[in-house]
Amino acid sequence: MNNPQLILITGSMATRICLEKQLQNYLPDEVTMETYSYEEGIPDFIEADVLLLSGESFEQRLKSEGRIHSEQKIIIGEKRIINIDRIESIVHIPPQTEVLLVNDTEASAMDAIVSLQEIGFDSFHYVPFWNGKELNEEISVAITMGEGHLIPETVKEAYDIGTRLLSFATLAELWKMLNLPLHLLDTYIDTYVNKLISISRRIGDANRRADSLSQKLLALINSIDDGLLVFNRRTTVVSVCNEKLRKLFHIPHISVSGWKIAEIIQDEKILPLLRCETEKEEWMVNVGGEDMLLSVFLVENDNIVCIFKATEKIQKESRKISRDLVQKGFYAKYTLDDILGISPEICEAKRKANRLAQTELTILIEGESGTGKELFASAIHRASRRRDYPYIAVNFSALQESLMESELFGYEDGAFTGAKKGGRIGLFEMADGGTIFLDEIGDIPLKMQTSLLRVLQEKEVLRIGGKEIKRVDVRVVAATNQNLEEKVRNGSFRKDLYYRLKIGYLHLPPLRSRRQDIPQLVNYFLQREGGKENMLTAEILKKMQEYSWPGNVRELKNTVAYMFALRDENGLRIEDLPEEEISFCIDRTDHLDRLENTEIGNSDLKPLPEQEEATRWKSPAETEEKIWYCIVCIIRDYNDTGQILSRETLLKSLYTSLDGQMSMYTLRQKLSRMKDEGLLQKGRGKGGIRLTDQGRQWIIQRNNKQAETSVQSSNSFF
């Protein structure tokens, strides 16, 4: 599905910049937007999913000039609202002041006057002024909306409150045409209304007309589809009561200005909840048989704002977000039919996976690296009742610890420095209704394990910087190639979390335990590369079935790809089976995973079953040496080309060699040890990682050593 396209066309550059900024703050990232103004010039032909025009006359002009086709979807955004962020600059102007209202045309000047009067600035004596009009009287105060260059020089006090913004109605129409989630628009409207409420008392103090202002504010927010009530915290006098709230509580259509809250809300269960004691509180309530979420929060410690939102509406919005995520590619790609093999071991694993998929149990998948844990997780989702909802995959070994909490649970606007404006939804919320796959769960830090346990037990998440607990309906599937029982014993993994994850359990057999599946797998991988079955000789297949495959199916896949790349006209050759160094870069085995937390030379580390002398990894020390070699070669290449190498860049480069199996924590440990050995150093400032002369000499010595070994065993692969 293509991303929706929006084109905005305005008259002036200033209006274009202002409206573009407004839309950028609230449009989702997937919407592609282009903006033009007649002042700067527009393309000869314009075509998009939606064309937004700031003036009504632009449509006829574009059609007469042949710049758009006749069926182009168009929205006219001529009706505007005041930019509330700039309004406080005119609050102090005394009532009855004669004010010159400056804009580019007579129509826009008159419209601007009406906009100001609607939000409470109706005590001024306005004199409209536009480009080309003569001023025959001396007026000392002027207000303009982005047209400061038109203000006469005789004006002593000038206030530019910025170009007016697109109205709520225009935005709602735009959101509908672009098929966007309405909760994004609700966020914008709530923000605007809250800002307007927060300055209402100061405006009221300035012109002694707070009640009148509240009623004018009400005209702006009556279209909001949630019940809205605002009252004074101390006096309990109501200032705002919108149409939705009137309907909920059967309030007659008469002025409620001056009424107290107890005269409007007479429900003895709800009334006590409206006295907010903290910054924000929420409850589930029932109003006239309808379940609703009641949010109560303070505005500058003076006013209490109450919002009643129907839970059915919340659920519909949540489900629509889920469907949107599925359409954007957050779905499981594999089914159980995609898992190849006829061996009893793999058939039994598929049978268990299918039975578990029919339940709502949390599942822990254990297996060595390369056995297909992510494939099974995807297949479980596709076989479950959640198949039509999102499938979100998270790899803890590739996720920076500092970003882990914000990625999983999201954050609110302003939660920390660099936080995205408007906040960000977390992965658990994105997966609502569907499945979240937590890969490499053994790498999750202890401090995050408590938060994860809460989600599993309570089905609730709390964003960073937020106070609103959100319910999530998510099925969790986790996977690991580590021994979690051992991690529980040594205190690095919570016991309660381990047993909470292992309610449903699935063990995946290594490839050496299902050797009869190798011919089918090899032929499948060959066909994916463009090869044919007859390219595989009996001799090669025999060698492959004799080998223990410590990297499992992933190593087999990469070996086939390597051999296919070196083929000649006679097909695959036995001598093209990868040599030791190439095979190491194909995959990090379970033996290497166990090595991550093992000191070099630890005699307690036992070889994997069936490896013995056949394995290409003869000892932990040799394996660690190969990792060091990959690292120093990458550092050398970056240094020789003059590029700065950071740890993050190094980790990304290692993903290619180690198939994405190294975490940042493990990398830091290895770099520290290599620095102690004198092989590398950290550059000053932003100098990056540098290889020392000793490190370069280490590469040469190792290459010489490998060359000697290769001569002695040139015909041995397995």
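This structure is a prediction, so every number in the text was calculated from the model and none was measured.

Asks: For the overall build of the protein, give the residues involved together with the corresponding values.
Replies: Looking only at helices and strands, one finds 25 helices and 26 strands in the protein. Here the protein, with 718 residues, has 50% of them falling under the buried criterion. Partitioning the contacts of the protein with sequence separation of at least 6, the portion at a separation of at least 24 is 66%. Of the roughly 35100 Å² that the protein leaves accessible, carbon and sulfur atoms contribute 47%.

Asks: For the nonpolar core, give the residues involved together with the corresponding values.
Replies: Ranked by size, the top nonpolar core spans 31 residues in total, and within it Leu408, Phe428, Ile436, Leu438, Ile441 and Phe493 carry the most contacts. In terms of residue count, the dominant contributor to this core is helix H14 (residues 446-458) (five residues). Excluding residues within four positions of it along the chain, Leu408 makes contact with Val394, Phe396, Gly426, Leu427, Phe428 and Met448. Counting 26 residues, the second-largest nonpolar core is a separate cluster that includes Ile251, Ile265, Val285 and Leu298.

Asks: Give a detailed account of the confidence of the model for the protein, specifying residues and quantitative values.
Replies: Averaged over every residue, the pLDDT of the protein is 77; the share at 70 or more is 78%. Residue range residues 580-620 is modelled with pLDDT below 50. Its contacts to residues more than four positions away, or to other chains, number 85 contacts. Counted against residues more than four places away or in other chains, residues 710-718, with its pLDDT under 50, gives 11 contacts.

Asks: Please give an account of the sheet that holds strand S7 (residues 125-130) that cites residues and values.
Replies: Read from one edge of the open sheet, four strands run S7-S6-S8-S9, paired in parallel fashion. Edge strands, defined here as strands with exactly one partner in the open sheet, are S7 and strand S9 (157-160). On average, adjacent strands in this sheet sit at an angle of 25° to one another, irrespective of strand direction. As defined by bridge partners, strand S6 (residues 98-103) adjoins S7 across six bridges and the pair is classed as parallel. Within the sheet, the bridge partner assigned to Glu98 lies in S7 and is His125. Sheet strands in contact with helix H3 (residues 106-118) are S6, S7 and strand S8 (141-144), and its direction is about 150° off that of S7.

Asks: Describe in detail the sheet that holds strand S4 (residues 74-76), supporting the description with residues and values.
Replies: Pairing is parallel in the open sheet, where four strands are placed in the order S2-S1-S3-S4. This sheet does not close on itself; its edge strands, each paired only once, are strand S2 (32-37) and S4. Geometrically, the sheet is characterised by an average inter-axis angle of 20° between neighbouring strands, direction not taken into account. Across six bridges, strand S1 (residues 5-10) lies against S2 in parallel orientation. By the bridge assignment, Leu6 is partnered in S2 with Met33. Helix-sheet contacts for helix H4 (residues 168-178) involve S1, strand S3 (50-53) and S4, and the interaxial angle to S4 is about 170°.

Asks: Any details on H14? Residues and values, ideally.
Replies: Under the 1.5 Å per step criterion, the end-to-end length of H14 is 19 Å for 13 residues, consistent within 8% with the ideal 18 Å. Buried residues belonging to H14 abut helix H12 (401-409), helix H13 (427-430), strand S20 (435-439), strand S21 (460-462), strand S23 (475-480) and helix H16 (495-501). Immediately beyond the C-terminal end of H14, within one or two residues, lies Lys459, with a positive phi of roughly 55°.

Asks: Explain the packing of aromatic side chains to me, using residue names and the numbers behind them.
Replies: Scanning the model with the defined rule gives eight aromatic pairs in all. With centroids separated by 5.2 Å and ring planes inclined at 50°, the aromatic side chains of Tyr38 and Phe58 adopt a geometry described as tilted. Linking Tyr38 in the loop between S2 and S3 with Phe58 in helix H2 (residues 57-64), this pair joins segments that are 20 residues apart in sequence. For the pair formed by Tyr38 and Phe58, the shared burial category is buried. Over the face of the ring belonging to Tyr38 we find Arg61, whose NZ or CZ atom lies 3.7 Å from the ring centre. Here the guanidinium or amino end of Arg702 rests over the ring plane of Tyr629, the centre of that ring lying 4.4 Å away.

Asks: Describe the environment of Gln482, with residues and values.
Replies: Looking at where Gln482 falls in the secondary structure, it is placed in the loop between S23 and helix H15 (484-489). Put simply, Gln482 and Glu366 are 116 residues apart on the chain and 7.8 Å apart in space, counted from C-alpha to C-alpha. If sequence neighbours within four positions are ignored, Gln482 has contacts with Gly442, Asp443 and Lys487.

Asks: Help me get a handle on the pattern of salt bridges, residues and values and all.
Replies: For the structure on display, the rule yields 21 salt bridges. Ionic pairing is found between Arg16 and Glu40, a salt bridge with its closest N-O pair at 2.6 Å. Residue Arg16 is located in helix H1 (residues 13-26), and its partner Glu40 is located in the loop between S2 and S3; the two are separated by 24 residues in the primary sequence. Judged by its relative accessible area of 41%, Glu40 is partly exposed. The residue Arg386 makes a salt bridge to Asp473 at a minimum N-O spacing of 2.8 Å. Here Asp473 lies in the loop between strand S22 (469-471) and S23 and Arg386 lies in the loop between helix H11 (373-382) and strand S17 (391-395), a separation of 87 residues in the sequence. According to the relative accessible area criterion, Arg386 is buried, its value standing at 2%. Asp473 gets classed as partly exposed once you look at its relative accessible area, which sits at 28%.

Asks: Describe in detail unusual backbone geometry, supporting the description with residues and values.
Replies: The phi dihedral of His250 falls on the positive side, at around 55°, and the residue is not glycine. Note that His250 resides in the loop between helix H7 (243-249) and helix H8 (261-264). We classify His250 as exposed; its relative accessible area is 70%. We note that Asn552 has phi near 60°; this positive angle belongs to a residue other than glycine.

Asks: I'd like a description of the packing of H12 against H14, backed by residues and values.
Replies: At a minimum axis distance of 11 Å, the contact between H12 and H14 shows a crossing angle of 10°. Between H12 and H14, the angle falls in the class roughly parallel. Contact residues: Glu401, Met404, Glu405, Leu408 and Phe409 in H12; Lys447, Met448, Ser451, Leu452 and Val455 in H14. Considering only residue class, the contact of H12 with H14 consists of six nonpolar, one polar and three charged.

Asks: Mind laying out the environment of Lys247, listing which residues take part and the relevant values?
Replies: Looking at the element boundaries, Lys247 is found in helix H7. Of the residues examined, Lys247 reaches a relative accessible area of 62% and is grouped as exposed. The spatial distance from the C-alpha of Lys247 to the C-alpha of Gly227 is 8.6 Å, given a sequence separation of 20 residues.

Analysis parameters
- All chains use their own residue numbering, which begins from 1 and follows the written sequence.
- Reporting of local features is limited, given that this is a predicted model, to residues whose pLDDT is at least 70; pairs of side-chain atoms are given and counted only at 80 or more, and all residues count toward the totals for whole chains, interfaces and linings.
- The side-chain values count all of the structure's non-hydrogen atoms but skip hydrogen atoms and water molecules.
- The helix count covers DSSP runs of H or I at least four residues long, the strand count covers runs of E at least two residues long, and both are numbered beginning at the N terminus.
- Working definition: with a 1.4 Å probe on protein chains only, accessible area under 20% of the residue-type maximum means buried, over 50% means exposed, and in between means partly exposed.
- Contacts are residue-level and defined by heavy atoms, with any inter-residue pair within 4.5 Å sufficient.
- Throughout, the Shrake-Rupley method with a 1.4 Å probe supplies accessible areas, and for residues the shown protein chains are the sole cover considered.
- In this text, buried Ala, Val, Leu, Ile, Met, Phe, Trp, Tyr and Cys residues form a nonpolar core when linked through side-chain atoms within 4.5 Å.
- The pLDDT score gives, residue by residue, the confidence of the prediction method on a 0 to 100 scale.
- When DSSP finds two or more bridges between two strands, those strands count as paired.
- Whenever a helix is involved, its axis is fitted only over the stretch in contact; in every case the axis is a line through C-alpha atoms, and angles between N-to-C directions fall within 0 to 180 degrees.
- Expected span of a helix, by definition, is 1.5 Å for each gap between consecutive residues, and there is one gap fewer than residues.
- Classification of ring pairs uses Phe, Tyr and Trp, with its six-membered ring standing for Trp, and accepts pairs whose centres are within 6.5 Å; under 30 degrees between planes counts as stacked, over 60 as edge-to-face, and the remaining range as tilted.
- Our definition puts a charge over a ring when NZ of Lys or CZ of Arg is within 6 Å of the ring centre and also within 35 degrees of the ring normal.
- One speaks of a salt bridge when a side-chain nitrogen belonging to Lys or Arg is within 4 Å of a carboxyl oxygen belonging to Asp or Glu.
- Every angle not falling under 35 degrees, over 145, or within 65 to 115 is termed oblique; those three ranges are roughly parallel, roughly antiparallel and roughly perpendicular.
- For this classification, Asp, Glu, Lys and Arg are treated as charged, while Ala, Val, Leu, Ile, Met, Phe, Trp, Tyr, Cys and Pro are nonpolar and the rest, including Gly, are polar.

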